[in-house]
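Now for the letters of each chain:
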Amino acid sequence: MTATVTPSASVDRSAGVTAPAGFRAAGVIAGIKPAGKPDLTLVVNDGPEYAAAGVFTTNKVKAAPVLWSQQVLTAGKLKAAVLNSGGANACTGPEGFQDTHKTAEELASILGVGAIEIGVCSTGLIGERLPMDKVLPGLKAVVDALGDTAEHSLAAATAVMTTDNVPKQAVLKHDGGWSIGGFAKGAGMCAPNMATMLSVITTDAVLDQPHLDHALRNAVGKTFNRLDVDGGTSTNDTVLLLSSGASGVTVTPEEFEVALTALAADLVKQLQADAEGVTKHVSITVKNAATEAEAVAAAKVVAEDNLCKTAFFAADPNWGRIAMAVGNAPTAFDPQLLDITLNGAAICVAGGKGVDRSEADLSGLEIDVVIDLHAGDASATVLTTDLSHAYVEENSAYSS
């Protein structure tokens with residue numbers, strides 16, 4: 001039987017990757033960021049199991065750590081993951097890959113494991129090599145700082161932040177005696193296929209690697225890949241899932257996937273809430289599409305359309321912009337049947353004007369858009385944000 005787990009009832013944000021048994025973590029200041037903020041995170045799996053899985057960016061331009069982690073995960077096992085902020089190590093050529101390899105080798109030597117058991121992630125400005133004279137000494141410091149408390153988990157979630165305002169973590173403790181914990185970072189360059197987004201998720205459940213991998217891919221498809229802040233799919237996007245098996249509890253693939261999806265959904269809500277320049281949390285649901293893929297595609301077009309996003313920012317119930325965007329989507333429907341509801345107000349009915357615009361109150365933080373295509377029975381929801389003055393200002397000054 002599939003377990004019933006809901007994020008609102010079961011997910012706790014007071015802890016993260018160290019909550020499951022068998023994991024230690026740390027976050028330290030290594031000096032990678034010139035501002036002297038935390039910038040190096042380590043998560044270590046103490047076993048007894050070391051099964052791992054990963055999902056990575058679909059961008060053709062992949063950062064060196066993505067290429068490395070994809071390669072080592074072909075063995076389906078990780079004993080640690082090290083993540084730096086302050087530099088993406090993307091578009092840095094063979095030298096950048098060598099820097100990633102050197103990072104894994106140095107950390108492996110300190111931990112007494114193999115370099116092929118180390119996942120590596122980076123986030124920050126694209127096109128610059130990492131200051132290895134800071135990274136390598138930092139590895140010893142972050143190992144020395146390892147611990148399994150909630151404070152260690154928070155430090156790990158904090159040291160991966162770039163333009164994030166707050167750390168993002170969560171844990172789900174299952175009644176069966178096992179748990180899942182994780183952190184995520186990301187605030188801009190966020191689109192389906194993940195989101196300038198790094199996430200490490202840990203579990204002490206006992207589950208074989210193929211099922212672990214399958215559950216992660218399904219959960220990412222329903223959560224991280226349904227966040228679209230600005231249409232930009234990063235070069236570094238990574239989600240790593242590590243299993244220690246330390247609870248001794250063997251779980252079914254079905255109940256594990258439900259719990260994993262619940263945890264990931266909560267992390268995504270935190271990413272949406274902390275998006276760059278956000279003033280509106282927008283949920284776009286397309287229902288009664290011919291296929292789920294078409295529902296996702298239509299919702300994504302609305303989420304990325306700048307005219308829609310500026311209307312959301314202005315709290316303007318301009319449903320014509322939404323209709324325009326849906327009409328540009330690769331989605332089959334009859335425009336004379338199109339319905340659009342904004343925060344419960346049926347503002348567009350049968351392809352034309354519905355209730356008066358004044359009935360759609362968008363003045364609050366949350367905007368709920370429901371688009372009914374009347375073309376099938378599939379549905380999907382994509383989360384997005386508005387396009388604000390602050391978003392433009394932050395991203396126009398990002399590299400300076």
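Residues numbered from 1 in each chain as written. Predicted model: local features only at pLDDT ≥ 70, side-chain atom pairs only at ≥ 80, totals over all residues. Heavy atoms only, no water.

Looking at an unreviewed UniProt entry, one finds the protein chain named Arginine biosynthesis bifunctional protein ArgJ, with Kribbella lupini as its source organism. You can read under Sequence similarities (unreviewed entry) in the UniProt record for the protein chain the words "Belongs to the ArgJ family." (UniProt positions renumbered as here; feature names shortened; annotations may be inferred.)

J.: What am I meant to see in the overall build of the protein chain here?
T.: Of the regular secondary structure elements, the protein chain holds 11 helices and 16 strands. In terms of C-alpha radius of gyration, the protein chain reaches 21 Å, essentially the compact-globule figure of 21 Å for 400 residues. Relative to its full complement of 400 residues, the protein chain shows a buried share of 54%. Considering only intrachain contacts with a sequence separation of at least 6, the fraction spanning at least 24 residues in the protein chain is 79%. (Helix = DSSP H or I, 4+ residues; strand = E, 2+ residues; numbered from the N terminus. Rg over C-alpha atoms; globule rule 2.2 N^0.38 Å. Buried < 20%, exposed > 50% of the residue type's maximum accessible area, 1.4 Å probe, protein only. Contact = heavy atoms within 4.5 Å.)

J.: Just to check I follow, could you spell out the packing of helix 9 (residues 306-313) against helix 10 (residues 319-327) for this structure?
T.: A packed helix pair is summarised by two numbers, namely the angle formed by the two axes and the spacing between the axes. Direction vectors running N to C along helix 9 and helix 10 enclose 155 degrees, while the axes themselves pass 9 Å from each other. Put simply, helix 9 runs roughly antiparallel to helix 10. Once helix 9 is placed against helix 10, the crossing between them reads as left-handed. On helix 10, the residues that touch L307, C308, T310, A311 and F312 of helix 9 are R321, I322, M324 and A325. Considering only residue class, the contact of helix 9 with helix 10 consists of seven nonpolar, one polar and one charged. (Axes fitted to C-alpha atoms, helices over the stretch in contact; angles between N-to-C directions. Parallel < 35°, antiparallel > 145°, perpendicular 65-115°, else oblique. Left-handed = near helix turned anticlockwise from the far one by under 90°. Nonpolar A, V, L, I, M, F, W, Y, C, P; charged D, E, K, R; others polar.)

J.: Would you mind going over the packing of helix 2 (residues 64-72) against helix 3 (residues 93-111) with me for this structure?
T.: Direction vectors running N to C along helix 2 and helix 3 enclose 55 degrees, while the axes themselves pass 8 Å from each other. Classed by the angle they form, the pair helix 2 and helix 3 counts as oblique. The handedness of the crossing between helix 2 and helix 3 is right-handed. Residue-level contacts link A64, P65, L67, W68 and Q71 of helix 2 to G96, F97, T100, H101 and A104 of helix 3. When the residues that make up the contact of helix 2 with helix 3 are grouped by side-chain class, the tally is six nonpolar, four polar and no charged.

J.: Looking at this model, I keep getting lost on the packing of aromatic side chains. Mind explaining?
T.: Aromatic rings considered in pairs are described by the distance between their centres and by the relative angle of their planes. Under the defined criterion, the tally for this structure stands at two aromatic pairs. The ring of Y50 is capped by K79, whose NZ or CZ atom sits 4.8 Å from the centre of that ring. (Phe/Tyr/Trp six-rings, centres within 6.5 Å; stacked < 30°, edge-to-face > 60°. Lys NZ or Arg CZ within 6 Å of the ring centre and 35° of its normal.)

J.: What am I meant to see in the state of the cysteines here?
T.: When the sulfur atoms of two cysteines share a covalent bond, that bond is a disulfide. Counted according to the given criterion, the structure contains zero disulfides. In this structure C91 is not part of a disulfide, and its nearest cysteine sulfur, from C121, lies 17 Å away. Given the relative accessible area of 51%, C91 is considered exposed. Free cysteine: C308, not disulfide-bonded; nearest cysteine sulfur from C348 at 12 Å. Its relative accessible area of 1% is what places C308 among the buried residues. (Disulfide = S-S within 2.5 Å.)

J.: Would you mind showing me how to read the nonpolar core here?
T.: Grouped burial of nonpolar side chains is what soluble globular proteins tend to show. By size, the foremost hydrophobic cluster in this structure holds 47 residues, and its most contacted members are L40, L42, V82, I118, F183 and L240. If you tally residues by element for this core, the top one is helix 4 (residues 132-144), at five residues. Apart from residues lying up to four places away in sequence, L240 is in contact with A53, G54, F56, L73, L78, A81, C121, S199, V200 and I201. Listed in part, the 35 residues of the second largest apolar core include A51, F224, L227 and A275. (Core = buried A, V, L, I, M, F, W, Y, C linked by side-chain atoms within 4.5 Å.)

J.: Would you mind showing me how to read the pattern of salt bridges here?
T.: According to the stated counting rule, one finds 12 salt bridges in the structure shown. Linking D144 and K140 is a salt bridge whose minimum nitrogen-to-oxygen distance equals 2.8 Å. Note that D144 and K140 are positioned in helix 4 at a spacing of four residues, about one turn of the helix. For K168, the salt bridge identified is with D164, shortest N-O distance 2.7 Å. Comparing K168 with D164, the two get one shared label, buried. One connected set of salt bridges, linked through shared partners, spans K77, K79 and E117. (Salt bridge = Lys/Arg side-chain N within 4 Å of Asp/Glu carboxyl O.)

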